[in-house]
Amino acid sequence: MLQNFSELGLKDDYLQAVEMLGYTRPTQIQVETIPLMLSGRDVLAQSQTGTGKTAAFMLPILQRLGKANGIPRALVLAPTRELAKQVADATEGFARMSGVRALAVYGGQSYEVQIRALKRGVDVLVGTPGRLLDFIRQGRLDLSQVETLVLDEADEMLEMGFIEDVETILNELTEVKQIALFSATLPEQIHKLASKYLTDPAKISINPSRMTVVETEQRFYRVREETKLAALCCLLETDDVTSGLIFTRTKARAQELADDLLRKGFSADSLHGDLKQARREMVLNR
Ligand code: AMP
């Protein structure tokens, strides 16, 4: 049975923040993770995007950080710039009351912009491994006070070949007291990483049937390839969709589908790894 946020050990500031965000009940990953992380335990969690995992790790991190001091005390490693930005944005939402500042650093954006932001002071730093490592090597990043580390979508970082970078960064963090690892899947290499760096982690696994937020209704339609587009258009119209995300198997397919939808009169655009960063940001902003 899902509990209330107030039963998880969160203080008023954070209870107010989640209320302002419109979260009425905690998701399963939040129920299981928040009390453990508040107690300082390491966590190894199998959970996907969409389950509310960001709040699950960030609310306890913020509560444990307390007041802002402008020096990174929490670090989140994320596989992509989109995820890094999403986590930093979510953090600002949760931290409205405490003045804690979050920043995302990632490749594809100028170093100067990010360096200036770092200089202004950051409490929670979120970054992709490559860019973080660049900053470390340039001596521009002081991670000596990082106490909490999150490896977000660890299997994706593994898949993208970032594991060595992740380990290099982990070895830089001499003061880390708590590590949380989140991963949709737990292949052997993730277990190895966990056993090397985590201390007696609490293991959390979200039952696959509960992997979406409670508000999400799932439906499945079986259609032929040649009627897919018509079926999709029909759904978009009958469900009166005002905004939506469509996932495709390939980048080319994303582009084709966006073009098809545009031709059918829908306001659509595609987002995939072959697009330049400026273009990606433009699409996201639209
Ligand atoms: P995440 O898995 O962290 O990417 O979160 C997925 C989405 O669920 C985000 O848009 C969150 O704002 C939203 N969310 C997270 N926790 C809750 C909650 N307890 N109730 C409603 N929505 C939530």
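When helices and strands are counted, the chain shows 12 helices and 7 strands. What you see for the chain is a C-alpha radius of gyration of 20 Å, in line with the 19 Å of a compact globule of 286 residues. Counting only C-alpha atoms and orienting by the principal axes, one finds that the chain spans roughly 55 × 45 × 40 Å. By residue count, 45% of the 286 residues in the chain fall in the buried class. Pairs at least 24 apart in sequence give 70% of the contacts found in the chain among residues at least 6 apart. With the model as given, the accessible surface of the chain reaches about 15700 Å², and the carbon-plus-sulfur share is 48%. Seen as two clouds, the 35 positive and the 39 negative side-chain charges of the chain have centres 3 Å apart.

What follows deals with the sheet that holds strand E4 (residues 124–127). Hydrogen bonds between backbone atoms are what pair the strands of a sheet, whose relative direction is either parallel or antiparallel. Spatially, 7 strands are ordered E3-E4-E2-E5-E6-E1-E7 in an open sheet, and the strand pairing comes out parallel. Lying at the two open borders of the sheet, with one neighbouring strand each, are strand E3 (102–105) and strand E7 (202–205). Ignoring which end each strand starts from, the neighbouring axes of this sheet average 15 degrees apart. Pairing of strand E5 (residues 148–151) with strand E6 (residues 178–183), which is carried by 4 bridges, proceeds in the parallel orientation. Bridge pairing in E6 places leucine 149 opposite isoleucine 179. Sheet strands touched by helix H8 (residues 163–172): strand E2 (74–77), E5 and E6. Its angle to E2, the strand with the most contacts, is close to 170 degrees.

Another point: the nonpolar core. The biggest cluster of nonpolar side chains holds 41 residues, and the ones touching the most others in it are Leu10, Phe57, Met58, Leu59, Ile61, Leu62 and Val124. Take this core: its biggest share by element is 8 residues, from helix H3 (residues 53–65). Beyond its immediate stretch of four places on either side in the chain, leucine 10 contacts Phe5, Leu15, Ile34, Leu38, Leu59 and Gln63. Within the second largest apolar cluster, 35 residues are counted, among which are Leu125, Leu132, Leu133 and Leu193.

A few words now on the packing of aromatic side chains. Under the definition given, this model contains 4 aromatic pairs. Where tyrosine 23 meets phenylalanine 94, the ring centres are 6.4 Å apart and the plane angle is 70 degrees; that geometry is what we call edge-to-face. Placement of the pair is tyrosine 23 in the loop between helix H1 (12–20) and helix H2 (28–38) and phenylalanine 94 in helix H4 (residues 81–94), with a sequence separation of 71 residues. One aromatic cluster is present, built from ring pairs that chain together Phe5, Tyr23 and Phe94. Looking at arginine 131, its charged tip hangs above the ring of tyrosine 111, at a distance of 3.8 Å from the centre.

Applying the stated criterion across every chain, the model contains 13 salt bridges. The partner of arginine 73 in a salt bridge is aspartate 123, and the shortest N-O contact between them spans 3.8 Å. In this pair, arginine 73 sits in the loop between H3 and E2 while aspartate 123 sits in the loop between helix H5 (111–120) and E4, placing the two residues 50 residues apart along the sequence. With its nearest N and O atoms 2.5 Å apart, the salt bridge here joins arginine 263 to aspartate 260. Separated by 3 residues within a single helix, arginine 263 and aspartate 260 lie in helix H11 (residues 251–263), roughly one turn from each other.

Quick notes on the rules
Residues numbered from 1 in each chain as written. Predicted model: local features only at pLDDT ≥ 70, side-chain atom pairs only at ≥ 80, totals over all residues. Heavy atoms only, no water. Helix = DSSP H or I, 4+ residues; strand = E, 2+ residues; numbered from the N terminus. Rg over C-alpha atoms; globule rule 2.2 N^0.38 Å. Buried < 20%, exposed > 50% of the residue type's maximum accessible area, 1.4 Å probe, protein only. Contact = heavy atoms within 4.5 Å. Areas by Shrake-Rupley, 256 points an atom, 1.4 Å probe, with all protein chains shown as cover. Lys, Arg positive; Asp, Glu negative; His and termini not counted. Charge placed at Lys NZ, Arg CZ, Asp CG, Glu CD. Pairing = 2+ DSSP bridges. Axes fitted to C-alpha atoms, helices over the stretch in contact; angles between N-to-C directions. Core = buried A, V, L, I, M, F, W, Y, C linked by side-chain atoms within 4.5 Å. Phe/Tyr/Trp six-rings, centres within 6.5 Å; stacked < 30°, edge-to-face > 60°. Lys NZ or Arg CZ within 6 Å of the ring centre and 35° of its normal. Salt bridge = Lys/Arg side-chain N within 4 Å of Asp/Glu carboxyl O.

Read these as layout, nothing more, since geometry by itself doesn't imply function.
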